[in-house]
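One-letter residues, chain by chain:
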Amino acid sequence: MEQKIHQGRNVKRFREMLGIKQESLAFDLGNDWNQKKISVLEQKDVIEDNILSRISNSLKIPVEAFQNFDEEQAVNLISCNFSDNAMFNNRIEVFNNNPIEEIKKLHEEKIALYERMLKEKDEMMTRLEKLINR
């Protein structure tokens, strides 16, 4: 039994994940759109390709995501990859940055910048003095 993907529900899921309200999406889609029309659209099983393309551009999500996303498959994938046993296969890297060293590095960069600025100022003063003395 093949389960059909509900494109409208997928639009709603991705929109909500991005924290975008229906009114905002309607505004992005143009003057002929409003919150009610977005609500009706999100109830549709299949959405026309041209509308799906406009939504894709607005949300910056590929059209294929709306057409192919299946929540049940995603949950299975996540549960298989992040079960207790699967976690041992993933490397977790910890970076220990010494904040004092980082501050010292920033300070040295700042000193180098000031020295370059002073050098450029001296060069500019020399050029100005030459122009004045002509």
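None of these values were measured; they are calculated from a predicted model.

How each quantity is defined
- Residues numbered from 1 in each chain as written.
- Predicted model: local features only at pLDDT ≥ 70, side-chain atom pairs only at ≥ 80, totals over all residues.
- Heavy atoms only, no water.
- Helix = DSSP H or I, 4+ residues; strand = E, 2+ residues; numbered from the N terminus.
- Buried < 20%, exposed > 50% of the residue type's maximum accessible area, 1.4 Å probe, protein only.
- Arc of directions from axis to C-beta.
- Contact = heavy atoms within 4.5 Å.
- Patch = residues over 30% accessible without salt bridge, like charges linked within 9 Å, V, L, I, M, F, W, Y side chains within 5 Å.
- Areas by Shrake-Rupley, 256 points an atom, 1.4 Å probe, with all protein chains shown as cover.
- Salt bridge = Lys/Arg side-chain N within 4 Å of Asp/Glu carboxyl O.
- Polar contact = N/O pair within 3.5 Å; in protein donor to acceptor, adjacent residues only side chain to side chain.
- Axes fitted to C-alpha atoms, helices over the stretch in contact; angles between N-to-C directions.
- Parallel < 35°, antiparallel > 145°, perpendicular 65-115°, else oblique.
- Left-handed = near helix turned anticlockwise from the far one by under 90°.
- Nonpolar A, V, L, I, M, F, W, Y, C, P; charged D, E, K, R; others polar.
- pLDDT = per-residue confidence, 0-100.
- Core = buried A, V, L, I, M, F, W, Y, C linked by side-chain atoms within 4.5 Å.

### Section: unusual backbone geometry
- For Lys60, which is not a glycine, the phi torsion comes out positive at approximately 60°.
- Here Lys60 shows up in the loop between α4 (49-59) and α5 (63-68).
- Judged by relative accessible area, Lys60 falls into the exposed class, the value being 71%.

### Some thoughts on helix α1 (residues 7-17)
- Of the positions making up α1, those classed as buried are Gln7, Gly8, Asn10, Val11, Phe14 and Arg15. Projected onto a plane normal to the axis of α1, the buried residues spread over an arc of 160° and lie on a single side.
- Looking at the buried side of α1, the elements it contacts are α2 (22-29), α3 (35-41), α4 and α5.

### Concerning the side chain of Arg15
- Structurally, Arg15 is set in helix α1.
- Note on Arg15: relative accessible area 5%, which makes it buried.
- Once you skip the residues sitting within four places of it in the chain, Arg15 turns out to touch Ile20, Lys21, Gln22, Leu25, Glu42 and Leu59.

### Re a nonpolar patch on the surface
- On the surface, Met124, Met125, Leu128 and Leu131 cluster together into a nonpolar patch covering about 380 Å² of accessible area.
- When you line up the elements, Met124 lands in helix α8 (residues 99-132).
- Judged by its relative accessible area of 48%, Met124 is partly exposed.

### What to know about the side chain of His6
- On the secondary structure map, His6 appears in the segment before α1.
- For His6, a relative accessible area of 12% gives the class buried.
- Within the local environment of His6, its side chain forms a polar contact with the backbone oxygen of Lys44, the two atoms lying 3.4 Å apart.
- Setting aside chain neighbours within four positions, we find His6 in contact with Glu42, Gln43, Lys44 and Asp45.

### A word on the packing of α2 against α4
- Between α2 and α4, whose axes approach to 10 Å, the crossing angle comes to 110°. The orientation of α2 with respect to α4, classified from their angle, is roughly perpendicular. In the packing of α2 onto α4, the handedness of the crossing is right-handed. Judged by residue contacts, Leu25, Asp28 and Leu29 of α2 engage Arg54, Ile55, Ser58 and Leu59 from α4.
- Of the residues belonging to the contact of α2 with α4, the class tally is 4 nonpolar, 1 polar and 2 charged.

### A few points about the confidence of the model for the chain
- The share of residues in the chain with pLDDT of 70 or more is 79%, and the mean pLDDT across the chain is 83.
- The element-level mean pLDDT for the chain is lowest in helix α7 (residues 84-87), coming to 50, with α3 highest at 94.

### Thoughts on the nonpolar core
- Within the largest apolar cluster, 16 residues are counted, with the highest numbers of intra-cluster contacts made by Val11, Trp33, Ile55 and Phe66.
- Taken together, the elements giving at least two residues each to this core come down to α1, α2, α3, α4 and α5.
- Considering every element that reaches this core, the biggest residue donor is α4, with 4 residues.
- Not counting residues up to four positions away in its chain, the partners in contact with Val11 are Leu25, Glu42, Ile47, Leu52, Ile55 and Phe66.

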